[in-house]
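Commentary on secondary and tertiary structure
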Amino acid sequence: MNAPQRTPPSSAAYRGRFAPSPTGPLHAGSLLAAFGSWLMARHAGGQWLVRVEDIDPPREAPGAADAQLRTLAAFGLLPDAPVLRQSTRGAAYRAALDRLLTQGDAFLCHCSRSDHADAGGVHRACVPGASRPDPAVRLRVPDGTVIAFDDGLQGRVEQDVSREVGDFVLRRADGLWAYQLAVVVDDQAQGISEIVRGADLLDSTPRQILLQRRLGLPTPGYAHLPLVLGEDGRKLSKSLAALPIDDDAPLPALRRAWRALGQREQALAAAGDVAGALLSSRRHFDPARIPRTREIRIDPA
Ligand code: GLU
C-alpha cells in the first residue's frame, strides 16, 4: 500500500502541533520536538497547537501537565488555540472505535499478554477458547499489510505492519484508550496537516496511517526529528538529571535545541532573552539544515 502523492499545504492550511504525555517534566528531547515543530509551523506561516496526551493515568506524574505547559510558556512557545486534553476526548475515541468494530476492522481480544510472548508480542490471531471479563479491542491487520510513506526528514519509510506489529490494541483490557487511536482521532479533530516529532515515534507512524485509512481520514505530512542522544549514546530523556531544562533560565536549553536542529549557532548568539532568541530563530531557521538522521549526539555542555 503506497501513500498517495501529497502536495504540501499552503501556509494558511499548515497546522502543526506538539503533543507531550504528562509523565514528567519536559526534557531536552521533548524541547527539541516542541521547538522543532514550532519552527516548522512558523516558517510555513502556519499555526502551532499543543495537546496534552493524558490518557494513561497510571503513567501520569501529578502536576506534570501543568508543569509542561509552564515550561513551554517560559520558552515562549505559546499555542495558537486552546490546549486540547485527551482526557476529555473519550466520546470521540468511542465513536471511532465503534466505527471500526462495525466495519469489522476491530475485534474484541480475550488473549493475555503471555499468549503471544513467543511471537515477541505480535498478535496475529486470538488463542482459541480464551475468555476474560475485560477484553481488549484490537485493529485487525491482515497478512501483507505494508504501509509506506515519505517522511519529510527520514525519507522513504516502509513497514510490514502485519509482520512487525500484528493486530494492535486500540482500547486496553484495563479500559484505557491506546495512544495510536487517540493520536489519529485528535490529529484529525485539530486539523493537523504536518506532524513534526521525535524519531522514536517513527515506528508508530505506519500504524497511524493504517488507522487513518480504516477511518477514512486524510494522512498528514510527517517529519521525524533525530533523537537526541548524549555523547555516551544514551537517550537524553533517560538521563534527565544530567540535563534538566530550567524554566528560569531558558536561553541555554533553547540554544542547545537550536544547535541540535542543525542551525547556525551565531543566529542566537546575540539574543539577550527568549523573545529575542525566538524572533531571531524565526528569521534564520533553515529546515534544510535539520540533520536527516534518526539520531544525533550532542555535547550536553
Ligand atoms: N505523546 C507522545 C509522547 O509524548 C507523542 C505523541 C506524538 O507526537 O504523536 O511521546
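Computed from a predicted model, the values in this text were never measured in an experiment. All residue numbers refer to positions counted from 1 along the written sequence of the respective chain. With pLDDT at 70 or above as the cut-off, local features in this predicted model cover only qualifying residues; side-chain atom pairs require 80 or more to be listed or tallied, and sums for whole chains, interfaces and linings still use all residues. The basis for every side-chain value is the complete set of non-hydrogen atoms in the structure, without hydrogens or water.

Some remarks on the overall build of the chain
To keep things clear, this is the line we draw: Secondary structure elements follow DSSP: runs of H or I no shorter than four residues count as helices, runs of E no shorter than two count as strands, and numbering proceeds from the N terminus. The globule rule used for comparison is 2.2 Å times the number of residues to the exponent 0.38, while the radius of gyration itself is calculated over C-alpha atoms. Buried, partly exposed and exposed residues are distinguished by accessible area as a fraction of the type maximum, computed with a 1.4 Å probe on protein chains only: under 20%, between the cut-offs, and over 50%, respectively.
A count of helical and extended segments in the chain gives 9 helices and 12 strands. Its C-alpha atoms give the chain a radius of gyration of 20 Å, near enough to 19 Å, the size a compact globule of 301 residues would have. Projected onto its principal axes, the C-alpha coordinates of the chain cover approximately 65 × 40 × 35 Å. Expressed as a percentage of the 301 residues in the chain, the buried residues total 50%.

Quick word on helix α3 (residues 90–103)
Formally: Helix span is expected to be 1.5 Å times the residue number reduced by one. Directions from the helix axis toward the C-beta atoms define the arc. The criterion used for residue contact is that any of the two residues' heavy atoms lie within 4.5 Å.
Helix length check: α3, at 14 residues, gives a terminal C-alpha distance of 20 Å against a target of 20 Å (1.5 Å per residue), a fit within 8%. What α3 keeps buried is the set Y93, A96, L97 and L100. Taken around the axis of α3, the buried residues stretch over an arc of 100°, which confines them to a single face. Exposed and oriented more than 90 degrees from the buried face of α3 are A91 and T102. In this structure, the buried residues of α3 make contact with β4 (106–109), β5 (136–139), β8 (168–171), α5 (179–189) and α6 (205–214). G104 occupies a position one or two residues after α3 and carries a positive phi of about 80°.

Quick look at the nonpolar core
Selection rule: What we call a nonpolar core is a set of buried Ala, Val, Leu, Ile, Met, Phe, Trp, Tyr and Cys residues that are connected through their side-chain atoms within 4.5 Å.
Of all hydrophobic cores here, the largest spans 39 residues; its most connected members are F35 and L77. Among the elements of the structure, α1 (28–43), β2 (47–52), β10 (221–225), α7 (250–260), α8 (266–269) and α9 (274–284) are those that each provide at least two residues to this core. Ranked by residues supplied to this core, first place goes to α1 with 9 residues. In this structure, L100, V141, F168 and V183 belong to the second largest nonpolar core, which totals 31 residues.

Considerations on the site of the ligand
Filter applied, for reference: Note on definitions. A residue lies near a molecule or strand when any single heavy atom of the residue is within 4 Å of it. Here a polar contact is taken to be a pair of N or O atoms separated by no more than 3.5 Å, where protein atoms must pair a possible hydrogen donor with a possible acceptor and residues adjacent in sequence count only if both atoms sit in side chains. The accessible surface values rely on the Shrake-Rupley method and a 1.4 Å probe; as for residues, cover is taken only from the protein chains in view. When residues are sorted by character, Ala, Val, Leu, Ile, Met, Phe, Trp, Tyr, Cys and Pro go into the nonpolar class, Asp, Glu, Lys and Arg into the charged class, and all the rest, Gly among them, into the polar class.
Taken together, R17, A19, P20, S21, E53, Y179, V183, R197 and L201 make up the full set of residues near the ligand. In this structure, a nitrogen atom belonging to the ligand sits 2.8 Å away from a side-chain N or O atom of S21. When the ligand sits alone it has 300 Å² of accessible area, and the protein chains cover 78% of it. Tallied by class, the residues present in the shell around the ligand amount to 5 nonpolar, 1 polar and 3 charged.

Brief notes about the sheet that holds β4
Basically, it comes down to this: Each pair of strands is called paired provided DSSP finds at least two bridges between the two strands. Angles run from 0 to 180 degrees between N-to-C directions of axes, and those axes are lines fitted to C-alpha atoms, restricted for helices to the stretch in contact.
Strand order in the open sheet formed by 3 strands is β4-β5-β8, with antiparallel pairing between adjacent strands. The outermost strands of the open sheet, each flanked by one partner alone, are β4 and β8. On average, each strand axis in the sheet is inclined to that of its neighbour by 45°, with strand direction left out of account. Bridge count for β4 against β5 is 4 bridges, and the pairing is antiparallel. Across the sheet, residue C109 finds its bridge partner in β5, namely A136.

Let's talk about the pattern of salt bridges
Test applied: We define a salt bridge as a side-chain nitrogen of Lys or Arg found within 4 Å of a carboxyl oxygen belonging to Asp or Glu.
Considering all chains together, one arrives at 13 salt bridges under this definition. Salt-bridge contacts for D98 lead to R94; the nearest nitrogen and oxygen are separated by 2.8 Å. In this pair, D98 and R94 are both assigned in helix α3, 4 residues apart and thus about one turn of the helix distant. Exposure remark for D98: the relative accessible area of 32% places this residue in the partly exposed category. In the salt-bridge network here, residues are joined through shared partners; they are R17, R51, E53 and D187.

Overview of α1
A turn of α-helix holds 3.6 residues, and therefore any two residues three or four places apart point the same way. Look at α1: 22 Å from first C-alpha to last across 16 residues, which is about the 22 Å you get at 1.5 Å a residue. Counting buried positions along α1 yields 14 of 16 residues, so the element is predominantly enclosed. One or two steps after α1, the chain reaches G45, where phi turns positive at roughly 70°.

A look at the side chain of S281
Within the element layout of this structure, S281 appears in helix α9. Ignoring any residue separated from it by four or fewer positions in sequence, one finds S281 in contact with F35, W38, L39, W258 and L268.

Section: the sheet that holds strand β1 (residues 15–18)
If you walk across this open sheet you meet the 3 strands as β1-β2-β3, and the pairing is parallel. Each edge of the open sheet is held by one strand with a lone partner, namely β1 and β3 (84–85). As judged from the 4 bridges shared by β1 and β2, these two strands associate in the parallel manner. Bridge pairing links G16 to W48 in β2. Most of the contacts of α1 go to β2, to which it runs at about 150°, and overall it touches β1 and β2. The strands touched by α5 are β1, β2 and β3; relative to β2, the strand with the most contacts, the crossing angle is about 145°.

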